[in-house]
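An overview of the molecular structure
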Amino acid sequence: MADLDNKEQTEIDPADMEDVEDVEEEETGEDNSKAHQLTMQMMQNPQILAALQERLDGLVGSPSGYMESLPKVVKRRVNALKNLQVKCAHIEAKFYEEVHELERKYAALYQPLFDKRSDIVRAAYEPTDEECEWKKDEEEELTVSKQEETKEKAKVEEEKKDEEKEDPKGIPEFWLTVFKNVDLLSEMLQEHDEAILKHLQDIKVKFSDAGQPMSFTLEFHFEANDFFTNTVLTKTYKMRSEPDESDPFSFDGPEIMGCTGCAIDWSKGKNVTLKTIKKKQKHKGRGTVRTVTKTVPNDSFFNFFSPPEVPESGELDEDSEAVLAADFEIGHFIRERIVPRAVLYFTGEAIEDDDDDYDEEGEEADDEEGEEEADEENDPDYEPKV
């Protein structure tokens, strides 16, 4: 009888079993929810995120173990492929050397156009009516009534300007406006630099001669001014297009190895790269106070012409490396974008184009995220994020 009672006690009704499973599922769901919430809280902690990022950074480039697991005969063949890759890097280096030669060739073709641009900017040449005629595209065309209205307003404005001042020569403050319109350059400008850059008449790019080490020089041409006696300030960038023997796979085109500026012959009291400060010093024994005048470096665009020197060892401190990295970026940008498209940076059109490029990339990224979210929602196993 006791056995029967025990048997009855151990038997469970199938309906009760379903209840038990439901409870277990609910408890498991609660546990998962708590774990998820805890994970989210941890991921919002900046110290934890920094530690995780450091750990991930340490894994970048680390071997996965796959290569070690390959048979010796396969490893030999992989080594053969790597030797072929080194040869590819040397061919690529030659390719970029020829690109440099093409740049030199076409620079000679561009230069007459740039020279004429300079003549117009500094009022050495007045363009003809035909040269000044600009045909707008369909999107820019206005209706006839709107055109008349615009012309009338422009006429009134011109008359007002003529009354206020004489007809300006050339295009005043052309290069200063370019600099102020470009974030990368405007960040370097100080208020005391602007009066000097009003005298900047042209920027030219000169490439190294054929057969010479790869380099390019930026020439800043100034009209006579009260700040310095130089008519041209230069900045030369030395480049190299060959794989590093110790790390040939890192080759990714020509790299700047160093740069040299020039001495600026400042007029007395006009050197904006230096400033004078006064400090009071107290004598420890006598307790008397004296005022000491010191000359210290000053923020200025013209520090661009005095870059840090790269020692023969090639080793620089972190500050110098950061300065040079920014310097190289600016030098390339002036050479590749500012000089060829100066008028478009003056009008702001090139800046709008750059912004449009970024917007399109952002929109594409947003679209991809939207597609991923839609795919997740269509997934029967998808669980929305808390």
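Fair warning: this is a prediction, and the values are worked out from it, not measured in the lab.

1. Things to note about the overall build of the chain
- If you tally the helices and strands in the chain, you get 13 helices and 6 strands.
- Counting only residues that meet the buried cut, the chain has 22% of its 386 residues in that class.
- Partitioning the intrachain contacts of the chain with sequence separation of at least 6 by distance along the chain shows that 57% fall at a separation of at least 24.
- A total accessible area of about 29,400 Å² is found for the chain, and carbon and sulfur atoms account for 49% of it.

2. Overview of the pattern of salt bridges
- Scanning the model with the defined rule gives 9 salt bridges in all.
- For glutamate 131, the salt bridge goes to lysine 116, with nearest N and O atoms at 2.7 Å. With glutamate 131 in helix H6 (residues 129–132) and lysine 116 in helix H5 (residues 72–121), the pair connects residues that are 15 residues apart, well separated along the chain.
- When its relative accessible area of 39% is taken as the criterion, glutamate 131 is described as partly exposed.
- In this structure, glutamate 173 and lysine 198 form a salt bridge, with 3.7 Å as the shortest nitrogen-oxygen distance. One end of the pair, glutamate 173, is in the loop between helix H7 (144–164) and helix H8 (174–181); the other, lysine 198, is in the loop between helix H10 (191–197) and strand S1 (200–207), and 25 residues separate them in sequence.
- Residue glutamate 173 is classed as partly exposed on the basis of its relative accessible area of 36%.
- Owing to a relative accessible area of 44%, lysine 198 belongs among the partly exposed residues under this scheme.

3. Here we look at the environment of lysine 268
- Its place among the elements puts lysine 268 in the loop between strand S4 (255–260) and strand S5 (274–282).
- On the basis of relative accessible area, lysine 268 is assigned to the exposed category, the value being 85%.
- In sequence terms lysine 268 and phenylalanine 227 are 41 residues apart; their C-alpha atoms lie 8.2 Å from each other.

4. Some words on a nonpolar patch on the surface
- Taken together, the side chains of Leu102, Tyr106, Leu109, Tyr110 and Leu113 define a hydrophobic patch exposed on the protein surface, amounting to about 550 Å² of accessible area.
- Mapped onto the elements of the fold, leucine 102 is located in helix H5.
- Overall, leucine 102 belongs to the partly exposed group, its relative accessible area being 46%.

5. Concerning the confidence of the model for the chain
- For the chain, mean pLDDT is 78; residues scoring 70 or higher make up 65% of the total.
- Note on residues 1–12: pLDDT under 50 across the span, and 1 contact to partners over four residues away in sequence or across chains.
- Scored below 50 in pLDDT, residues 382–386 shows 4 contacts in the model against residues more than four places distant or in partner chains.

6. Concerning the nonpolar core
- Core analysis: the biggest nonpolar cluster contains 47 residues, and Phe220, Phe301, Phe302, Phe304 and Ile334 have the highest contact counts within it.
- In this view, phenylalanine 304 contacts Met188, Leu218, Phe220, Lys235, Tyr237, Asp327, Ile330 and Ile334; residues no more than four positions away in its chain are not counted.

7. Some points on unusual backbone geometry
- One non-glycine residue with positive phi stands out, namely alanine 123, at about 65 degrees.
- Looking at where alanine 123 falls in the secondary structure, it is placed in the loop between H5 and H6.
- Although it is not a glycine, glutamate 173 sits at a positive phi angle of roughly 55 degrees.

8. A word on the environment of aspartate 183
- Topologically, aspartate 183 is positioned in helix H9 (residues 183–186).
- Overall, the relative accessible area of 57% leaves aspartate 183 in the exposed class.
- Separated by 168 residues in the primary sequence, aspartate 183 and isoleucine 351 place their C-alpha atoms 9.5 Å from one another.

9. Observations regarding the sheet that holds S1
- Spatially, S1-S2-S3-S4 is the arrangement adopted by the 4 strands of the open sheet, whose pairing is antiparallel. Two strands bound the open sheet, and with one partner strand each, they are S1 and S4. Strand after strand, the sheet turns through a mean of 20 degrees between neighbouring axes, direction not considered.
- Strand direction decides the pairing type here: S1 and strand S2 (residues 215–222), joined by 7 bridges, are antiparallel. If you follow aspartate 202 over to S2, its bridge partner there is histidine 221.

10. Here's the deal with the packing of aromatic side chains
- Within this structure, the stated rule accounts for 21 aromatic pairs.
- An angle of 85 degrees between the planes, with centres 5.3 Å apart, marks the rings of phenylalanine 179 and phenylalanine 301 as edge-to-face. Of this pair, phenylalanine 179 sits in helix H8 while phenylalanine 301 sits in the loop between strand S6 (289–297) and helix H11 (318–338), and the two are 122 residues apart along the sequence. The residues phenylalanine 179 and phenylalanine 301 share a single accessibility class, namely buried.
- Centre to centre, the rings of phenylalanine 301 and phenylalanine 305 are 6.0 Å apart; their planes meet at 90 degrees, and the pair counts as edge-to-face.
- In this structure, lysine 235 is placed above the aromatic ring of phenylalanine 304, and the distance from its NZ or CZ to the ring centre is 3.4 Å.

11. Here we look at H11
- In a regular helix each residue adds 1.5 Å, so 21 residues correspond to 30 Å; H11 covers 28 Å between its end C-alpha atoms and thus fits that length.
- Listing the buried residues of H11 in full gives Ser320, Leu324, Asp327, Phe328, Ile330, Gly331, Ile334, Arg335 and Ile338.

12. Focus: the environment of tyrosine 125
- Structurally, the position occupied by tyrosine 125 is in the loop between H5 and H6.
- Sequence separation of tyrosine 125 and glycine 170 is 45 residues, and the distance between their C-alpha atoms is 8.1 Å.
- With near-sequence residues (within four places) excluded, tyrosine 125 lies in contact with Lys116, Asp119, Ile120 and Glu131.
- In this structure the side chain of tyrosine 125 is engaged in a polar contact, spanning 2.7 Å, whose partner is the side chain of glutamate 131.

13. Topic: H5
- With 50 residues, H5 extends 69 Å from end C-alpha to end C-alpha; this agrees with the ideal 74 Å at 1.5 Å per step.
- A maximum bend of about 35 degrees is found in H5 at tyrosine 110, where proline proline 112 lies one to four positions downstream.
- Ala89, Ala93, His100, Ala107, Gln111, Phe114, Arg117, Ser118 and Val121 are the residues of H5 that are buried.
- Among the structural elements, H8, S1, S2 and helix H12 (342–347) are those in contact with the buried residues of H5.

Cut-offs and rules
- Residues numbered from 1 in each chain as written.
- Predicted model: local features only at pLDDT ≥ 70, side-chain atom pairs only at ≥ 80, totals over all residues.
- Heavy atoms only, no water.
- Helix = DSSP H or I, 4+ residues; strand = E, 2+ residues; numbered from the N terminus.
- Buried < 20%, exposed > 50% of the residue type's maximum accessible area, 1.4 Å probe, protein only.
- Contact = heavy atoms within 4.5 Å.
- Areas by Shrake-Rupley, 256 points an atom, 1.4 Å probe, with all protein chains shown as cover.
- Salt bridge = Lys/Arg side-chain N within 4 Å of Asp/Glu carboxyl O.
- Patch = residues over 30% accessible without salt bridge, like charges linked within 9 Å, V, L, I, M, F, W, Y side chains within 5 Å.
- pLDDT = per-residue confidence, 0-100.
- Core = buried A, V, L, I, M, F, W, Y, C linked by side-chain atoms within 4.5 Å.
- Pairing = 2+ DSSP bridges.
- Axes fitted to C-alpha atoms, helices over the stretch in contact; angles between N-to-C directions.
- Phe/Tyr/Trp six-rings, centres within 6.5 Å; stacked < 30°, edge-to-face > 60°.
- Lys NZ or Arg CZ within 6 Å of the ring centre and 35° of its normal.
- Expected span 1.5 Å × (residues − 1).
- Polar contact = N/O pair within 3.5 Å; in protein donor to acceptor, adjacent residues only side chain to side chain.
- Bend = angle between axes of the 7 residues up to and from the residue.

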